[in-house]
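Letter by letter, the chains look like this.
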Amino acid sequence: MSVVAVQLGQCGNQIGQQLFSVINSDSNGANRKTYKECSDERFFYENSKGDLVARSVLFDMEPKVISQAITKASKSGKWKYGETAHFCQKQGSGNNWANGFSVHGPRHEEVMTDLVRREVERCDRLAGILPMMSVAGGTGSGMGTYVTQCIRDMYPNSFIFNHLTWPYCTGEVIVQNYNSVLTLSHLYQLSDAILVHENDTVHKICAQLMNIKHISISDVNKVIAHQLGSVLQPAFTEHSLSSYSRDPIGELLCSLVCHPEFKLLSLCNIPQMCSSSLAYSAFKWPGLLKHLRQMLIANAKMEEGIDWKVCVPSVDKSAGEMARNKRHVGFNTSLANLLILRGKDVSTADTGAFKDSGMYAPWLPAGGTFSAWNTSVPFNGYEKSATIVSNSQSLLRPLDNIVKKAWNMFASRAYIHQYTKFGVSEEDFLDCFTTLEQIISSYTHP
Amino acid sequence: MTQSIVVQVGQCGNQVGCRFWDLALREHAHVNKKGIYDEALSSFFRNVDPRNGGGGPDITGGRITSLKARAVLVDMEEGVVNEILQGPLREVFDSTQLITDVSGSGNNWAVGYQTYGSAYREQIVDTVRRAAEHCDCLQCFFLIHSMGGGTGSGLGTRVLNLLEEEYPEVCRIVTSIYPSAQDDVITSPYNSVLAMRELTEHADCVLPVENQSLVDIVKKIQHMVHSGKMGSVIKKDTTITSGQGCVSGTEKPFDAMNNIVANLLLNITSSARFEGSLNMDLNEIGMNLVPFPRLHYLVSSLTPLYTLADVNVPSRRLDQMFTDAFSKEHQLIQADPKHSLYLACALMVRGNVQVSDLRRNIERLRPTLPFVSWNKEGWKTGLCSVPPVGHTHSLLALANNTCVKPTFVELKERFVRLYRRKAHLHHYLHVEGIEQACFSDALSSLTSLIEEYEQLDATKGRLIPDAPRLNIAL
Amino acid sequence: MRHAKSVKVKEVITALCKLLSALGIDSVPSAESFRRAKFNQADVTEELWKFLHSILMKVCVMECTYQDSAQSNLDSQSLFVRSALWHCGYGAEWVLEPKAGSLRVCVGSRDLLLAFGWILSSGNPLEFLLEEKAQQLERLSRSALDHMHLLGDGDSQVDVSGTGEGGSKPINGEMQLRTLQWQYGKLKLHWRRLLAAQEERSRLTHRILSSPAPLPETSSTDSSHKTCSTALHKELEQIQSLNATLEAYLNWKSLEPLFWSWMDSVIDNDVSRLDEDAVADVSQRDQGIKRSCSHAEKSREAVKQLNEMVQLLEAELRLGQTQQPDHSLSTQGRHQAQHLTSDRERTEVERRVTTRLQGLRLTNGRYPLPSRAYIPCLQDSQPAYSAHKPQKVESGQVRLTGKLQALDVLRDLKEREALLQWKLELLRQTQREELQDHASTLEGLVLIPPLKR
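About the thresholds
- Residues numbered from 1 in each chain as written.
- Chains lettered and ligands numbered in written order.
- Predicted model: local features only at pLDDT ≥ 70, side-chain atom pairs only at ≥ 80, totals over all residues.
- Helix = DSSP H or I, 4+ residues; strand = E, 2+ residues; numbered from the N terminus.
- Rg over C-alpha atoms; globule rule 2.2 N^0.38 Å.
- Buried ≥ 20, exposed ≤ 12 C-beta atoms within 10 Å, placed from the backbone.
- Contact = placed C-beta atoms within 7 Å.
- UniProt positions renumbered as here; feature names shortened; annotations may be inferred.
- Domains from an automatic or database assignment.
- Nonpolar A, V, L, I, M, F, W, Y, C, P; charged D, E, K, R; others polar.
- Arc of directions from axis to C-beta.
- Pairing = 2+ DSSP bridges.
- Axes fitted to C-alpha atoms, helices over the stretch in contact; angles between N-to-C directions.
- pLDDT = per-residue confidence, 0-100.
- Right-handed = clockwise from strand over helix to strand, strands pointing away.

## Some remarks on the overall build of chain A
Of regular secondary structure, chain A possesses 16 helices and 12 strands. Relative to a compact globule of 446 residues, whose C-alpha radius of gyration would be 22 Å, chain A shows 21 Å and is just as compact. Taken along its principal axes, the extent of the C-alpha atoms in chain A is 55 × 55 × 45 Å. In chain A, which comprises 446 residues, the proportion classed as buried is 60%. In chain A, 80% of the contacts between residues at least 6 apart in sequence involve partners at least 24 apart.

## Observations regarding the overall build of chain B
Check the secondary structure of chain B and you find 15 helices and 12 strands. Within chain B, the proportion of its 474 residues that are buried is 54%. For chain B, the share of sequence-separated contacts (at least 6 apart) that also reach a separation of at least 24 residues comes to 83%.

## Observations regarding the environment of Val120 of chain A
All names here are of chain A. Position of Val120 among the secondary structure elements: in helix H5 (residues 109-121). Look at Val120 and you get partly exposed, because 18 C-beta atoms sit within 10 Å. Sequence separation between Val120 and Thr375 is 255 residues, and the spatial gap between their C-alpha atoms is 27 Å. When sequence neighbours within four positions are dropped, the list of residues in contact with Val120 reads Val4 and Leu126.

## Looking at unusual backbone geometry
Pro271 of chain A follows Ile270 of chain A through a cis peptide bond whose omega is -10°. Locating Pro271 of chain A in the fold gives a position in the loop between strand E9 (264-270) and helix H11 (275-278). The phi angle at Asn211 of chain A is positive, at roughly 55°, despite the residue not being glycine. Its place among the elements puts Asn211 of chain A in the loop between helix H8 (199-209) and helix H9 (217-232). Taking the C-beta count within 10 Å as the criterion, Asn211 of chain A has 11 such neighbours and is therefore assigned exposed. At Asn40 of chain C, a position not held by glycine, the phi torsion is positive, near 55°. Within the element layout of this structure, Asn40 of chain C appears in the loop between helix H2 (31-38) and helix H3 (45-59).

## Topic: the UniProt feature "domain: Tubulin/FtsZ GTPase" (unreviewed entry) in chain A
As recorded in UniProt, the sites labelled "domain: Tubulin/FtsZ GTPase" (unreviewed entry) are residues 40-239 of chain A. In residues 40-239 of chain A, the share of helix is 50% and the share of strand is 18%. The end C-alpha atoms are 21 Å apart.

## Let's talk about the domain arrangement of chain B
Residue and element names in this part refer to chain B. As assigned here, chain B comprises domain 1 (3-289) and domain 2 (406-458). Contacts between the two partners involve 19 residues from domain 1 and, on the opposite side, 21 residues from domain 2. Among the secondary structure elements, those contributing two or more residues to the side of domain 1 that touches domain 2 are helix H4 (109-119), helix H7 (188-202) and strand E8 (205-210). Looking at the side of domain 1 that touches domain 2 element by element, the count peaks at eight residues for H7. When the residues that make up the side of domain 1 that touches domain 2 are grouped by side-chain class, the tally is 11 nonpolar, six polar and two charged.

## Things to note about the interface of chain B and chain A
Every contact between the two is made by 38 residues of chain B and, on the other side, 39 residues of chain A. Listed by contribution, the elements that provide at least two residues to the side of chain B that touches chain A are helix H10 (282-289), helix H12 (355-365) and strand E11 (379-384) of chain B. A total of six residues in the side of chain B that touches chain A trace back to one element, the largest contributor, which is H12 of chain B. Among the residues forming the side of chain B that touches chain A, the class breakdown is 17 nonpolar, 11 polar and 10 charged.

## With respect to the domain arrangement of chain A
Once the domains are mapped, chain A shows domain 1 (2-266), domain 2 (270-393) and domain 3 (397-444). A straight line from the C-alpha centre of domain 2 of chain A to that of domain 3 of chain A covers 33 Å.

## Focus: the environment of Phe371 of chain B
Residue and element names in this part refer to chain B. Within the fold, Phe371 resides in the loop between H12 and E11. Residue Phe371 is classed as partly exposed on the basis of its C-beta count, with 19 C-beta atoms lying within 10 Å. Aside from chain neighbours lying at most four places away, what touches Phe371 is Tyr342, Lys376 and Gly378.

## Overview of helix H11 (residues 318-325) of chain B
All names here are of chain B. Every buried residue of H11 is listed here: Met321, Phe322 and Ala325. The arc that holds the buried residues of H11, viewed along the axis, is 95°, so those residues lie on one side. Those residues of H11 hidden inside the fold are in contact with strand E9 (299-303), H12 and strand E12 (393-401).

## Digging into the sheet that holds strand E5 (residues 98-100) of chain B
Residues and elements named next belong to chain B. In spatial order, the strands read E5-E4-E1-E6-E7-E8; together these six strands make up an open sheet with parallel pairing. Each of the sheet's edge strands pairs with one partner strand only, and the pair in question is E5 and E8. With strand direction ignored, the average angle separating the axes of adjacent strands in the sheet is 15°. Relative to strand E7 (residues 171-178), strand E6 (residues 138-146) runs parallel, the two sharing seven bridges. When the sheet's bridge partners are listed, Cys140 is paired in E7 with Cys171. With respect to the sheet, helix H5 (residues 121-133) is in contact with strand E1 (3-9), strand E4 (71-75), E5 and E6, its orientation differing from that of E4 by roughly 160°. Relative to the sheet, helix H6 (residues 151-166) contacts E1, E4, E6 and E7, its axis offset from that of E6 by approximately 165°.

## Considering the confidence of the model for chain B
The predicted coordinates of low-pLDDT regions are not to be read in fine detail. All names here are of chain B. For chain B, per-residue confidence averages 87 on the pLDDT scale, and residues scoring 70 or more make up 90% of the total. The low-confidence segment residues 229-250 (pLDDT under 50) makes 52 contacts with residues lying over four places distant or belonging to another chain. Every residue in residues 307-315 scores below 50 in pLDDT, and together they form 29 contacts with partners more than four places removed in sequence or on other chains. In the predicted complex, the global pTM is 0.71; the interface-specific ipTM is 0.88.

## Description of the pairing of E4 of chain B
Residues and elements named next belong to chain B. Taking burial as the measure, the five residues of E4 include five buried ones, the bulk of the element. Side-chain alternation along E4 places Ala71, Leu73 and Asp75 on one buried face and Val72 and Val74 on a second face that is also buried. Bridge count for E1 against E4 is four bridges, and the pairing is parallel. Bridge assignment links Val6 to a residue of E4, and that residue is Ala71. The parallel pair E4 and E5 is bridged by helix H3 (residues 79-86), and the resulting crossover is right-handed.

## Some words on the confidence of the model for chain A
The pLDDT averaged across chain A works out to 90; a share of 97% of its residues lies at or above 70. In the predicted structure, residues 318-323 of chain A sits below a pLDDT of 50 and forms 10 contacts with residues beyond four places in sequence or in another chain.

## Overview of the environment of Gly152 of chain B
Mapped onto the elements of the fold, Gly152 of chain B is located in helix H6. Measuring from C-alpha to C-alpha, the distance between Gly152 of chain B and Ser105 of chain B comes to 9.1 Å, with 47 residues separating the pair along the chain.

Here you go:
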């Protein structure tokens, strides 16, 4: 049972490298033999020399980032990337989604799909494919979308779980909103679930929780990798109580994204702090879970500055609709949640508060909305930690912002010539906008 | 790694180019202490066996043996090119890269464009092709020329056409030196406007530089140097003012000005050459900064400027660097971007600067800068970890801003003043293939360009509501 | 030449015998017995009775349990064979109008051989048995798999009814639709998970099978590993046996034409006997055939009834579709919610529809196929053999002739459905164009087509 990562573009390659390094160092902690075995099988394989090799392929259109990632991995001395598991060209996609999707993707389809296939065939059982990319640039977003499409064609029944990094609201790439709209609308049809990290949110976590003065891209990536790792590392699930789950991606998807209109997942975790203060902190499960639940329902990605006034609307059985109409403004309605608890005394944690049916959309089948995984193995240096993967309204606002800005730009037809140059027409744009408006509408009225 | 070719045309173009090659060599020498021919070096230089001259095959990897510039030098008189060939830079060029004539273009765009353009067409195409064949992955042509003279504007824009014809996929970034209003060449308005039409239609990006702005900046640097308490102690290895390596061995009047333009080119390519946490490739410039194909004139500013020159000036805080980049004094054309409309803006930062510094400064400056309604957050950023020689950090701001309009308007007025009287027109019409229609076409091209900027500028300050969104019927 | 041919025939019949025993048929006669039966030798009659009994027992699963005690009795066996053949619509004289006296006396071995040929040629008994066998293995290996925790999953029992406790919630049509979609999505995800598990299994077995050396001893002394290996071993055996069966089947399939040409020669022999017999018998025989036809008439009627029902259902389905063009999945549920208020009524209808559909075996396979890895593709287009099982008499027993018709009718219906769909699409298209025309005349209105799902 293994996961194959596909690292795409600058962002995908940086985060991917960081993720493998987090996973590896976490698995090498003390007293976790079976945990390590399971994690190693999930993310690594052993080559003939006995080295641990990441189950990952690296794609980029320019060589700098990939060579950095490969060097960093082999410098760790613990693991490395496959010697031929990467593909890069000399010239980037120039932030142009259309260039990545219509030019670079098709041009290099064969070698890229070959690399993916080789990695997939190495697995006894493919748990899922994890393409990682940003939506802002050209290579990650455009070529990433194309590669995801190829993977879907190759493996129509395998799980594709996309990890996307949404750019800062401003300042990364000017056409980022166009690129995001094009990427998201395409991936929504291809992928089984889309897990999103927003750079702005993670940046705030770095500043306020991690106390980093000069935040670098690598700090942001470390937080993302930590959060991702806390989801992907081995855990006991409801259907696999005595051994680590053999099908983590499948179980995650089954509990979270059964409806084709609702595929966006967000993530929050607790606690998150700099290592120096971690040593002086003690946490209890009830406190952690109380905070995490409030973060979830008030749609806060950090424990700091949570709006404690937000509460779950009571479901009055006789007049359910009435009660829902009066719900608190800041309330974040969920469709499904998956809670992952890691660390000491995990069996004592009471997760009942997450089962409140008032937190969820009314049409969901009772009992199908909440799942919990756990393991007593502490994660990445945190004695206790809790992560929630949520299919909820929390990404509605940022998504709406992206579409709004892109639509404004589209209304004046700015930058469109850069896309038509590579065969993406105005009609294509309109289709994509329509898809996203549909998604927004679905999440607005869950 | 990609490669770029510099095509320098005319006297001014060659002088600027010469400074560029000097500074580029020194920058790489500073970063690359081991003398290994690396990827970064390969973007502008070939490594060849010196025994074969420039004709031999490239040596990839290993030690630097003999570096050859990826350049094509074109001038229709011999003076400047000969000087280069006798100076310290002679090693990086060989005769096959040069295209010269003896008689010059007589400050006549038509002679450069038509007469020489046709006569040297084959030779130019061949020379460029040779340079291109040495490239593994040719990404960009940098054309350096002036707008006022005959060779630079005429033959320069003709070369631009040829490049588009032969390499339509390769990005063309043009650095154009615009003449001052008090230019001593009387036909310079004709030459500039005729060249403008070619630039508008055939370039991907144009970085306009005005002579007057360069003069002002150099004056300011000198002022800082001389008013310094400790006198004029010039930091030796800073790039902007040092005369080391220049053609005649001693500093010449234009060298300081040309250094500024050369630095512009160095910084714009830095992210493509060196590592960084947020790469900004050359093809990202056009993609992010050019919302409409004709509006590709990018106003640039370099900071810090004169603080570089003198060790006595305390190193400015990082934030000052960002503030300065938007001030009128630091622009390379005579314009005030803050009081015009931004269509888009790119910040290319070098040195020890983090994302959080970038974010802080963008947030700080944003409220003071007017952006077009549909691109309120039109910022593109690049972080290159290698700073310029002698600095801890530097910033190049590229703005697509309607502030270029006054420069064009003034140019147009000067053109019209001459054209109304039909002054000197016969010199042009004399040249085969040139008709009066060329003049009226060039004028209307410029006029419509100005109008396009005008229309965008008019939206400034107006509250434009969001475009009504698509509705999904439930 | 002749010798070579007879050798070939022997080989063919041997292949068939091998396949039949692999499929679990008891008392399969030898090739020689077949040959002797061709010439109506009396010494093989008993053997063939037993054989026919055994095969008919397998193929026609009885609704009521057959008395075990009677099995030993050859007379009752032959009675069973006769009635089973009659049920299946075999129109031979001895089946329809048995002469007085013991069956075993008056029926020759050639008659029985011909009956066997009829069984073999009507329906697909071999394929049916093969499917049974494969699924049997499937069930077995699945239990083994569960034991190994490979699946790690026990929540396949999804609340498909969609209402669950939600009955108390005020759920409108839109919400119900979404619930259904959610449940459907969940089922699909489960299916894909099972598929992945299956792939892993086949990969592992392949590795075990193809490894030249005995597997290295697992270092772990974990008991679960041990059970794993025994479970795997068991599974391996099962797979090998299935492989053998499949091979036998393939072998038979390649030789089948020869068998039928041989069967022709048997018929020729029989016909030559008939020529010797009195001509008077013929009319009697015709009568018998007529009677069997009346039997077919009944089934034809049932098919007609079913067709009407299908048409009715399709019409309703289409009605629902036009009401809710994008959510075809939900139409049924929605329709029911509107028209059938009582739960009992609904379940009753559902039950009826299911039994009818089962009678038709419109869907392929009784179990949700968890994998295609081991189940050979059993001729999707053909309805399974059970269509003419005696148990289905009351719900529309369909004989060979009737079944062919049902197939035709189904095909017709499909064609008509496609035609109607096409017309519907055409109508939709024109509607859309009209709408677009309208929209284009209105300022500031953009028409967005509904999202494709």
